[in-house]
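Spelled out from the first residue to the last, the chains are:
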Amino acid sequence: MKIKIRHIFLLIIGYGSMFSQTTDSLSVTEEKVLIVEDPGTSKEAYNPLAPSKAAFYSAVLPGLGQAYNKKYWKIPIIYAGIATGVYFYIDNDNDYDRFRDAYKRRLAGFTDDEFQGISTDRLIDAQRTAQKNKDVSIIVALAFYLVNIVDANVDAHLKQFNVSDDLSLEPSFELNRIDSHPNYGLSLKFQLK
């Protein structure tokens, strides 16, 4: 009889537990996320030789590196700077030759040069000034040529510069656990790829 009571008791508990359980209302659903890339922010592959190539192109032909970088508006500025230096070099060279020829004619004893009212000492000073201006003009033309090369190189570097949201600057506020005083700070966070 003891065995029957025990079996009946287990049957009742087992039968009751079957009805006390309800089905689980939680279900797993698969979410699909659609990622759309912005066509305006297409990322090109990094080309480490692009700055060297742009500088080389600018060294061979001024303005060609700017055309390689698609900065066409800089080309007239480069040519205007170089042409200005060359123009003033030629102009000062012609003046120097005129002053020099007049000075040589005066040393030879002729007095029929184009600078009748100017002394010989003044002709020497004019030659020195014209020579100095020739030197400055050639330096200006070379400076524009070198700036052209440097600009093409730097522009090619900056063209590939990564400007993304991986860099953030935000203020931080923490409470000191020892003396309960607030700690203020500024945190700079960046993520490397």
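Please refer to the structure placed before this passage.
Residues numbered from 1 in each chain as written. Predicted model: local features only at pLDDT ≥ 70, side-chain atom pairs only at ≥ 80, totals over all residues. Heavy atoms only, no water.

Visitor: So what's going on with the overall build of the protein? Residues and values would help.
Guide: Within the protein one finds 5 helices and 2 strands. Taken across its 193 residues, the protein has 19% of its residues classed as buried. Taking the contacts inside the protein whose residues are at least 6 apart along the sequence as the reference set, 51% of them involve residues at least 24 apart. Carbon and sulfur atoms provide 62% of the accessible area of the protein, an area that totals close to 16000 Å². (Helix = DSSP H or I, 4+ residues; strand = E, 2+ residues; numbered from the N terminus. Buried < 20%, exposed > 50% of the residue type's maximum accessible area, 1.4 Å probe, protein only. Contact = heavy atoms within 4.5 Å. Areas by Shrake-Rupley, 256 points an atom, 1.4 Å probe, with all protein chains shown as cover.)

Visitor: I'd like a description of helix α5 (residues 120–159), backed by residues and values.
Guide: In this model, α5 (40 residues) spans 58 Å end to end at C-alpha, consistent with the 58 Å of a helix rising 1.5 Å per residue. Here α5 has its buried residues at L123, A126, Q127, A130, K134, S137, A141, N148, I149, A152, D155 and A156. (Expected span 1.5 Å × (residues − 1).)

Visitor: Just give me the short version of the packing of helix α2 (residues 50–60) against α5, but keep the residues and values in it.
Guide: Geometrically, a packed helix pair is captured by the angle between its two axes and the distance between the axes. Here α2 crosses α5 at 160 degrees, and the two axes come no closer than 8 Å. The angle between the axes of α2 and α5 places the two elements in the roughly antiparallel class. The hand of the α2/α5 crossing is right-handed. Residue-level inspection shows A50, P51, A54, A55, S58 and A59 of α2 in contact with α5, the latter providing Y145, N148, I149, A152, N153, A156 and H157. A breakdown of the residues in the contact of α2 with α5 according to their chemical character gives 9 nonpolar, 4 polar and no charged. (Axes fitted to C-alpha atoms, helices over the stretch in contact; angles between N-to-C directions. Parallel < 35°, antiparallel > 145°, perpendicular 65-115°, else oblique. Left-handed = near helix turned anticlockwise from the far one by under 90°. Nonpolar A, V, L, I, M, F, W, Y, C, P; charged D, E, K, R; others polar.)

Visitor: How would you summarise the packing of aromatic side chains if you had to cite specific residues and measurements?
Guide: In the structure shown here, the tally under the stated rule is 4 aromatic pairs. Consider the rings of F56 and Y57, whose centres lie 6.4 Å apart with planes at 50 degrees: the pair is tilted. The partly exposed category is assigned to Y57, whose relative accessible area is 29%. With a centroid separation of 5.2 Å and 45 degrees between ring planes, the pair formed by F99 and F115 is classed as tilted. Highlighted residues: F99 in helix α4 (residues 75–107) and F115 in the loop between α4 and α5, separated in sequence by 16 residues. Assigned by exposure class, F99 and F115 land together as buried. Connected via pairs of aromatic rings, a cluster forms that spans F56, Y57 and Y68. Residue placement shows R98 over the ring face of F99; its charged tip is 5.9 Å from the ring centre. Sitting above the plane of the Y96 ring, K134 keeps its charged end 4.9 Å from the centroid. (Phe/Tyr/Trp six-rings, centres within 6.5 Å; stacked < 30°, edge-to-face > 60°. Lys NZ or Arg CZ within 6 Å of the ring centre and 35° of its normal.)

Visitor: Pulling in residues and values, what's your account of α4?
Guide: Over its 33 residues, α4 extends 48 Å from the first C-alpha to the last, a length consistent with the 48 Å expected when each residue adds 1.5 Å. Lining the buried residues of α4 we find α3 (64–68) and α5. Positive phi appears at G109, one or two residues downstream of α4, with a value of about 105 degrees.

Visitor: Please set out the packing of α4 against α5 residue by residue, giving values where relevant.
Guide: Two elements in contact, α4 and α5, have axes separated by 8 Å at closest approach and are oriented at 160 degrees. In terms of their interaxial angle, α4 and α5 are classed as roughly antiparallel. Once α4 is placed against α5, the crossing between them reads as left-handed. Its residues assigned to classes, the contact of α4 with α5 shows 19 nonpolar, 9 polar and 4 charged.

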